[in-house]
Structures are given as C-alpha cells and as structure tokens.
Amino acid sequence: MIQIAKTAGAAVQTYVIRLTEPDGGRTVVISPGRDAHLHLLEEGLEGFGATELFVETEPYADGTGGHPVTRRFGERHMEITAELASDEGTLRRLLCGVMNPLRTLEMEVTLGNVTRKISVIPCGKPEFRQANFYTPTEVTLPFLAPDPFYRDAGTREVQFWQSVPLLTFPMTFRAGAGMTCGYFRTTDTA
C-alpha cells in the first residue's frame, strides 16, 4: 500500500492513516489509494507535528526571577480534513459511529517506510461540507491525544542483562579455550 515513486529525481512519499476501534471492529483508512475511505486534502492535517510545551514559574521571594513549578508536554489536539472517497451514505454512518468520545481509537500513521501509533479520543462531531452538488463532500475529524507521544508500531524486546566473567580455568590465552565462570546481572541500559 505504501509506495515511493520517483518523479524528476525527487522521491514522492505516500501516506496511510488508519483509525481503528479498540476492539478491532471498525477501521477508517485515509490515503490516496483506491481502497481508502477518505482522501486527505492539502493542508488537511493539524497537530501532527510538535506538541505544545508548558512551563509555569513562581516568583522568588524578592520578586526577581523565579523557579519552575510545572514543566510538561501538552496534550495533542489533532484534526484531519479529507474528502469522502466512496459511498457517501455508508461512509457518513461509519464516521459518525467511529467518532465516539467514550472510546479511545488507535491512530496508525505511515509515511514512507515509517509507521507510528498514537491513542486518540474523538473530541467533536464530524463536520461535513459540500460546496455544491458537483464537488466531493469534505469532512473534518477532531481528536485529542492525552499522551502526546507517538509509539513504534511493533513491540521490541530488549534483554537488560550482561554476563560478568569472574574466573577462567585453566588460564588460557586463546579465545574459546578453557572454561569461564561468572554470573549474569541486570543493567538499566540497553
């Protein structure tokens, strides 16, 4: 589904955005592909870049300067604006059903060869617009991501242990000869 095409010496990356319900029930696909439900409009992504940073300070007793009280990354407000790519009635029902604020959706964003996930909560109703009967219907979908950080799509296993050799018998000067005794210990870096 993801293809990188070369045009005039520059690589053009395609994208795929998947919104999936937690129980794996319904999925909405946003991409330029034929099997997509929505096609993203130009400048149709808001809040997908850097998130807000919040720093609050309290003044020192003498009134000069201050010390930080709060330092945090803000929640992520996201918005997708796209046009409907298939049967409008069915797609409207699908979007209205998926945009349930009582559920947390999994948003999987793929650009080129990189896929990341983020959990989002629908925070408003889908806004449908159609300029006239001859133009495609556009929709705006608002989301809130309380945890503003994207995660890797796949899980990775890392072992936090290393061996510590203590004694070699008999003393050898060649690798692989003799027997080395020691123990395994856990570390906090990998």
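Please read these numbers as outputs of a predicted model, since none were measured by experiment.

A. Region of interest: the environment of G124. Looking at where G124 falls in the secondary structure, it is placed in the loop between β10 (114-122) and β11 (127-129). For G124, a relative accessible area of 28% corresponds to the partly exposed category. Distance in space between the C-alpha atoms of G124 and F143 is 7.3 Å, their sequence separation being 19 residues. G124 has contacts with M99 and P142, leaving out every residue within four places of it along the chain.

B. Up close: a negative patch on the surface. Taken together, the side chains of E42, E43, E46, E79 and E127 define an acidic patch exposed on the protein surface. It is strand β5 (residues 38-46) that provides the largest number of residues to the negative patch, a total of three residues. Along the polypeptide, E46 turns up in strand β5. On the accessibility criterion, E46 (48% relative accessible area) is partly exposed.

C. A nonpolar patch on the surface, seen in detail. There is a patch of nonpolar side chains on the surface, built from L53, F73 and F149 and spanning about 330 Å² of accessible area. Assignment of secondary structure puts L53 in strand β6 (residues 53-59).

D. Layout of the environment of F149. Within the fold, F149 resides in the loop between β12 (138-145) and β13 (151-152). Sequence-wise, F149 and R76 are 73 residues apart; in three dimensions their C-alpha atoms are separated by 8.5 Å. Not counting chain neighbours up to four residues away, the residues in contact with F149 comprise F73, K117 and I118.

E. Spotlight on the packing of aromatic side chains. The tally for this structure, following the rule as stated, stands at one aromatic pair. Between the aromatic rings of F73 and F149, the centroid separation amounts to 5.1 Å while the plane-to-plane angle is 75°, which identifies the pairing as edge-to-face. A residue pair is termed long-range when its members are at least 10 positions apart, and F73 in strand β7 (residues 66-73) and F149 in the loop between β12 and β13 qualify at 76 residues. Directly above the ring of F128 sits R92, whose terminal nitrogen or CZ lies 4.2 Å from the centroid.

F. Inspection of unusual backbone geometry at higher detail. Within the chain, E43 stands out as a residue other than glycine whose phi angle is a positive 60°. Position of E43 among the secondary structure elements: in strand β5.

Calculation criteria
- Residues numbered from 1 in each chain as written.
- Predicted model: local features only at pLDDT ≥ 70, side-chain atom pairs only at ≥ 80, totals over all residues.
- Heavy atoms only, no water.
- Helix = DSSP H or I, 4+ residues; strand = E, 2+ residues; numbered from the N terminus.
- Buried < 20%, exposed > 50% of the residue type's maximum accessible area, 1.4 Å probe, protein only.
- Contact = heavy atoms within 4.5 Å.
- Patch = residues over 30% accessible without salt bridge, like charges linked within 9 Å, V, L, I, M, F, W, Y side chains within 5 Å.
- Areas by Shrake-Rupley, 256 points an atom, 1.4 Å probe, with all protein chains shown as cover.
- Salt bridge = Lys/Arg side-chain N within 4 Å of Asp/Glu carboxyl O.
- Lys, Arg positive; Asp, Glu negative; His and termini not counted.
- Charge placed at Lys NZ, Arg CZ, Asp CG, Glu CD.
- Phe/Tyr/Trp six-rings, centres within 6.5 Å; stacked < 30°, edge-to-face > 60°.
- Lys NZ or Arg CZ within 6 Å of the ring centre and 35° of its normal.

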